[in-house]
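Listed here are the chains, written in short residue letters.
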Protein chains: 2
Amino acid sequence: MGWRRGRKGKSRQGGYRAAIPPAAYIELRSHLAQIDDLGRARAVLSWDERTMMPPGGAPGRAEQLATLSGLLHERLVSDDLARLLDQLRPYEETLPYDSDEASMIRITRREHQRAQRVPSELKVEMARAGSIAEHAWKEARKQSDFEVLLPHLGKIVELKRRYVECFDDAGHPYEPLLDDFEPGMTLVETERLIGALKTSIVPLATAIAERADTVDDSCLHGRFPAATQRSLAISMLCDLPIEADFFRLDESAHPFATSFSNTDVRIATRYSEDYLAGSLFSTLHEFGHALYDSGVSAALERSALGRPASLGVHESQSRIWENFIGRSLPFWQHFYPRVQDTFPDHFGGVDLEHFHRAVNKVQRSLIRTEADEFTYNLHVILRYELEREILEGSLTLVDLPEAWKARVKSYLDLDVPSDSQGVLQDVHWAEGAFGYFPTYSFGNIIAGQIWEVLRRSLVDLDDQIARGDFSQLREWLREHVHRHGRKFTSAEMIQRLVGGPIDVDPYIRYLRAKAEELYGLS
Amino acid sequence: MGWRRGRKGKSRQGGYRAAIPPAAYIELRSHLAQIDDLGRARAVLSWDERTMMPPGGAPGRAEQLATLSGLLHERLVSDDLARLLDQLRPYEETLPYDSDEASMIRITRREHQRAQRVPSELKVEMARAGSIAEHAWKEARKQSDFEVLLPHLGKIVELKRRYVECFDDAGHPYEPLLDDFEPGMTLVETERLIGALKTSIVPLATAIAERADTVDDSCLHGRFPAATQRSLAISMLCDLPIEADFFRLDESAHPFATSFSNTDVRIATRYSEDYLAGSLFSTLHEFGHALYDSGVSAALERSALGRPASLGVHESQSRIWENFIGRSLPFWQHFYPRVQDTFPDHFGGVDLEHFHRAVNKVQRSLIRTEADEFTYNLHVILRYELEREILEGSLTLVDLPEAWKARVKSYLDLDVPSDSQGVLQDVHWAEGAFGYFPTYSFGNIIAGQIWEVLRRSLVDLDDQIARGDFSQLREWLREHVHRHGRKFTSAEMIQRLVGGPIDVDPYIRYLRAKAEELYGLS
């Protein structure tokens, strides 16, 4: 073997001094760079598909994406990679767990082994079934008829079961699915977190909803031309801590963020011309994702670590910007004057406090993506419970719409008038995303923990935000979250940050404080 | 081997009946589909780079493009492909030359063998040197100092010589370079065509230039806001024969067209706010390219034949739309009213004939991309002569700027005041495009031949165009040019169309007729 044994040691400065990496490590990096390039190329094609592509592009694009995915998968499961990982094991054992090199080998091994367990044929079949079911879902939603989707969803679930069987050491059929989105997360841990969240949120949401009718958010409704909303969104982004040369803002049916390198991130938002808050907060939400993407250490670019840790951690960053910061009074102290300048007819007579209450109005509603901060998690919890029951076999698909309705009645006290406003409201199950929903709540919970530590570190944060100075905030997030990329699981990251496990209490404390501030609830 | 021997035969309808293709042919198609997908993915990334990408994206994008190019090259030179081509030789021999299957095998073999001759290291070195020289060119042009580019250009030419040596059966060092852009084209043939062009064009351009001062094109100069020009360009494109769902129009520093499938073509144009003709004719030019791309037979998609035949044939299509159609009186009979409606202050008092003469004004100028129809080829001829002399060794790079000036004086009777308006005016040599320039003239020549046949077929073409009816025109171009994709070389295509070789006379006849119509020259 062409590498020298690494030496564990301390440099004179007291920090860890990495040994000269062996040739196999250099080879690993080059292999990973190619995988990452393929992933980024795929991301460019997807971004184009969602923001730019004329309708005629769809069939060709599906082929191109499938080919790139196939090549990426080939490289991830390749014997070359397996050989490198074997060769690097002794080197890895000489290194601290949190060094770039050990993390690179550990995370690559994890992803290689997971990819290897699943036969390519099954992956292709899952992709095809997801694509067919997605079309069926559109039709089903149009007709508001779950029956149209039912056979396709049956196929999806059947394939998910076969997928789960590839992980024969899993404790529960739900766990391998969860692990795809939130590495290292167990069902026991999920139950603990979602359970605690539910115990606190259900009564809190009920109590607030009873008082929220007094909030007047009519100023957010009216005529807001898309082009003017876009100018406002750009103007906000230019004041937020991201270089103008490193991003662009586009429009898409569903807001999203994606990145092609640390210095090329793309934000896509949506403009409802009759409701201003939609684009404001989806832009802030996606900005939070984009800032995380762009904050990963440059040393980790083009590698297995050059991406965010998990969907949960990713969502924590979007939620911090959308809610913790974006729905705070200091934030609008800085930005509200330009909202007034942009739409003087709507906001000339609306003062800052009124606007701040309006963007924080709580309202139990049927649609998750329109839900406020207090009721949002209830939507997630009900999906999580239903999908777990489906996989366990205790709920059959034919009974899903009724189960949905019952759960909505129980948690939100609302009647679901139709499948399109119920079980068919979003595409995620149809596209095969089981085990995905809880990451939204993990994001909120993790955001609560990060926010609490962050506020202790930056004691005058409110003043900074009110001045439009986000520089310390960005540095803090970069230092404690962003720069690590995929090095740590969400649990490891939180452990490093707070010295304990992922925990709902800070998030609940944040919500309670807000409930008190806005609604006088104690 | 897993395939049945194909049978040559006639169907009852008298046409060729393809034998059932052997398994190796199916395998070949699937191999080629992957290569094509990689090429299209690379095209999406390049398009994004030139139209959308924020500046921060540059370093990452270079890596992503290099990786895709590397993977594409690997597949093109692969032993698997060589084996398939060997296995398919007996099958190929049973098939007519112009069948899809025989053409697929023939063209793939050609591209495989050419790719195999050049070591990957040399390709990488050429790409790197081109990228460095491109940056040096920008600096050199800014300083208008050829010395800044000289060492980099020296490196480029040295690498070109090494490249040429890979083709040890080539008759002349220029030929393998030419062949990259115009498959099958020889130096003898190029000399014949360029020589004949020069003999006719130099005196014609001189004679016209003496009369052209009487043409008033001041209406084309003024203030034309980019957004309004864009609306006009979109409105024109919507009347041209391409489905609205199959294209989009964007902006870039250098106009171009690219395609990601037959039903997803992208046109990029440029708006000079002080000169209207720039965007009008570059949009028409790029539309001509885009229409060709989108007209390739669907049966050839995702294969070695799913692209246009050569740069020359490609350019013939852009020139037909830009000049033969786009600078004709019938075309503006249809479109000029909307130019007047869009810019009433500029064109309210300018009649159709005046406008038509203005967009056809001939003017000897220093910059190729601004040249009119009559002087354009002189720019191409001088570059072709200079680059051939460089490769032959009869012109040294240090003498290039002076040689350029002398040639411009001789062909265009102009003095070149600076390198930036002379040898440094475009990037193509710096990026390594030697053997590329003649394809512009091939395009004009081929366009002349196609146009003559086309007009004989569609006798009332002028009326159709004046009515804005381009449907028969599109069908004719599709049937005789577009649908064949890369099946035939330019010479083969012309042979099929006119029963003879590529020939300059029709193009010269077209120019002379136009000179007579516009300037009374006989």
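As the structure is a prediction and not an experimental result, all values here were calculated from the model. (Residues numbered from 1 in each chain as written. Chains lettered and ligands numbered in written order. Predicted model: local features only at pLDDT ≥ 70, side-chain atom pairs only at ≥ 80, totals over all residues.)

Q: Would you take a moment to explain the sheet that holds strand S1 (residues 247-251) of chain A for this structure?
A: Picture the strands of a sheet paired through backbone hydrogen bonds; they go either parallel or antiparallel. Residue and element names in this part refer to chain A. Taken together, the three strands give an open sheet; going across it, the order is S1-S3-S2, and neighbouring strands pair in mixed fashion. Unpaired on one side and paired on the other, S1 and strand S2 (256-261) mark the two borders of the sheet. Strand-to-strand twist in this sheet, taken as the mean axis angle between neighbours without regard to direction, amounts to 20°. Pairing of S2 with strand S3 (residues 264-269) involves five bridges; the strand directions are antiparallel. Counted as the bridge partner of alanine 257 is isoleucine 267 from S3. (Pairing = 2+ DSSP bridges. Helix = DSSP H or I, 4+ residues; strand = E, 2+ residues; numbered from the N terminus. Axes fitted to C-alpha atoms, helices over the stretch in contact; angles between N-to-C directions.)

Q: Just to check I follow, could you spell out the packing of helix H9 (residues 187-211) of chain A against helix H18 (residues 438-457) of chain A for this structure?
A: Two measures define how a pair of helices packs: the angle their axes make with one another and the distance between the axes. Residues and elements named next belong to chain A. Closest axis-to-axis distance for the H9/H18 pair is 11 Å, and the angle between their directions is 70°. Taken together, the axes of H9 and H18 lie roughly perpendicular to each other. At the point where H9 passes H18, the crossing takes the left-handed sense. From H9, Thr190, Leu193, Ile194 and Leu197 reach across to H18, where they touch Pro438, Ser441, Phe442 and Ile445. Here the contact of H9 with H18 is built from residues that sort into six nonpolar, two polar and no charged. (Parallel < 35°, antiparallel > 145°, perpendicular 65-115°, else oblique. Left-handed = near helix turned anticlockwise from the far one by under 90°. Contact = placed C-beta atoms within 7 Å. Nonpolar A, V, L, I, M, F, W, Y, C, P; charged D, E, K, R; others polar.)

Q: Would you mind going over the interface of chain A and chain B with me for this structure?
A: Note: interface size is frequently given as the accessible area lost on complex formation between the parts. Every contact between the two is made by 31 residues of chain A and, on the other side, 31 residues of chain B. A total of eight residues in the side of chain A that touches chain B trace back to one element, the largest contributor, which is helix H1 (residues 23-51) of chain A. Among the residues forming the side of chain A that touches chain B, the class breakdown is 14 nonpolar, eight polar and nine charged.

Q: Before we go on, may I ask you to explain the sheet that holds strand S1 (residues 247-251) of chain B in this structure?
A: Residue and element names in this part refer to chain B. If you walk across this open sheet you meet the three strands as S1-S3-S2, and the pairing is mixed. The open sheet has two edge strands, S1 and strand S2 (256-261), and neither has a second partner. Each neighbouring strand pair of the sheet contributes to a mean axis angle of 20°, computed without reference to strand direction. Lying over the sheet, helix H1 (residues 23-51) contacts S1, S2 and strand S3 (264-269), oriented at roughly 145° with respect to S2.

Q: How do you make sense of helix H6 (residues 120-143) of chain B when you look at a structure like this?
A: Residue and element names in this part refer to chain B. Between its terminal C-alpha atoms H6 stretches 35 Å, which fits the 34 Å expected from 24 residues at 1.5 Å a residue. Buried residues in H6 make contact with helix H7 (146-165). Directly after H6, the chain includes serine 144, whose backbone phi takes a positive value near 50°. (Expected span 1.5 Å × (residues − 1).)

Q: Would you explain the relation of the copies chain A and chain B in this entry?
A: Look at the two chain copies: a rotation about an axis and a shift along it is all it takes to match them. The operation relating chain A to chain B is a screw motion whose rotation component is 180°, with 0.0 Å of axial translation and a residual RMSD of 0.0 Å. Seen this way, the second copy is the image of the first under a two-fold rotation axis. Both copies present the same face, since 100% of the interface residues in chain A are matched by interface residues at the equivalent positions in chain B. (Least-squares fit on C-alpha atoms with pLDDT ≥ 70 in both.)

Q: Teacher, can you tell me more about the packing of H1(B) against helix H2 (residues 58-76) of chain B here?
A: Residues and elements named next belong to chain B. Interhelical geometry of H1 versus H2 gives an angle of 160° and a closest axis separation of 10 Å. Looking at the two axes, H1 sits roughly antiparallel to H2. Remark: the crossing between H1 and H2 carries left-handed chirality. Between H1 and H2, the contacting residues are His31, Gln34, Ile35, Leu38, Gly39, Ala41, Arg42, Leu45, Ser46 and Glu49 on the first element and Arg61, Gln64, Leu65, Leu68, Ser69, Leu71, Leu72, Arg75 and Leu76 on the second. Taken together, the residues that form the contact of H1 with H2 break down as nine nonpolar, six polar and four charged.

Q: I would appreciate a short explanation of helix H5 (residues 100-117) of chain A in the present structure.
A: Turn by turn, an α-helix covers 3.6 residues, leaving residues three or four places apart pointing in a common direction. All names here are of chain A. Under the 1.5 Å per step criterion, the end-to-end length of H5 is 26 Å for 18 residues, consistent within 8% with the ideal 26 Å. Among the residues of H5, Glu101, Ala102, Ser103, Met104, Ile105, Ile107 and Thr108 are the ones counted as buried. In this fold, the buried residues of H5 make contact with H1, helix H3 (79-87) and helix H4 (89-93). (Buried ≥ 20, exposed ≤ 12 C-beta atoms within 10 Å, placed from the backbone.)

Q: How should I be thinking about the pairing of S2(A) in this particular structure?
A: The two faces of the sheet receive side chains in turn, since in a regular strand these alternate between them. Taking burial as the measure, the six residues of S2(A) include six buried ones, the bulk of the element. Between S2(A) and S3(A), which pair antiparallel in sequence order, lie two residues.

Q: Would you mind showing me how to read the environment of B:Lys123 here?
A: Residues and elements named next belong to chain B. Structurally, lysine 123 is set in helix H6. Since 16 C-beta atoms lie within 10 Å of it, lysine 123 is described here as partly exposed. Note: C-alpha distance between lysine 123 and alanine 205 (82 residues apart in sequence) is 40 Å. Not counting chain neighbours up to four residues away, the residues in contact with lysine 123 comprise His73 and Val118.

Q: Honestly, the confidence of the model for chain A in this entry has me stumped. Any pointers?
A: A low pLDDT means the predicted coordinates there should not be read in detail. Residues and elements named next belong to chain A. Chain-level statistics for chain A give a pLDDT mean of 94 and a share of 96% at 70 or above. Low pLDDT, under 50, characterises residues 1-15; the predicted model gives this stretch 24 contacts beyond four residues in sequence or across chains. Taken over the whole predicted complex, pTM reads 0.94, whereas the ipTM for its chain interfaces reads 0.93. (pLDDT = per-residue confidence, 0-100.)

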